[in-house]
Amino acid sequence: MRMDITLVLTVAITATLIVVVLVLVIIIIYQRWRIGDQNVFLERFIRQNEEMRQKMRKAGIL
């Protein structure tokens, strides 16, 4: 009887740890994807800003 309880608890704890690790891996992958997506928009903004700055220099505004 005691062996069965120990086995059940061990399997339950192991399954819980596996699920927690998988959830953490999924969260890390999702966050990296979000950050990469935001970097694309930031890069586009910086490029447009630099293009506008060059146009302003050509026009003699800066």
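Please refer to the structure placed before this passage.
These numbers come from a predicted model, not from an experiment.

> Sorry if this is basic, but what is going on with the overall build of the protein here?
Secondary structure summary: the protein contains one helix and zero strands in total. Computed over its C-alpha atoms, the radius of gyration of the protein comes to 27 Å, more than 25% above the 11 Å expected for a compact globule of 62 residues. Its C-alpha atoms put the protein at 90 × 10 × 5 Å along the principal axes. Counting only residues that meet the buried cut, the protein has 0% of its 62 residues in that class. As presented, the protein carries roughly 6,200 Å² of accessible surface, and 70% of it is formed by carbon and sulfur atoms.

> For this particular structure, what's the right way to read a nonpolar patch on the surface?
A cluster of nonpolar side chains, contributed by Val19, Val20, Val23, Leu24 and Ile27, occupies part of the molecular surface with about 410 Å² of accessible area. The topology assignment puts Ile27 in helix H1 (residues 2–59). Looking at Ile27, the relative accessible area reads 42%, which means it is partly exposed.

Calculation rules
Residues numbered from 1 in each chain as written. Predicted model: local features only at pLDDT ≥ 70, side-chain atom pairs only at ≥ 80, totals over all residues. Heavy atoms only, no water. Helix = DSSP H or I, 4+ residues; strand = E, 2+ residues; numbered from the N terminus. Rg over C-alpha atoms; globule rule 2.2 N^0.38 Å. Buried < 20%, exposed > 50% of the residue type's maximum accessible area, 1.4 Å probe, protein only. Areas by Shrake-Rupley, 256 points an atom, 1.4 Å probe, with all protein chains shown as cover. Patch = residues over 30% accessible without salt bridge, like charges linked within 9 Å, V, L, I, M, F, W, Y side chains within 5 Å. Salt bridge = Lys/Arg side-chain N within 4 Å of Asp/Glu carboxyl O.

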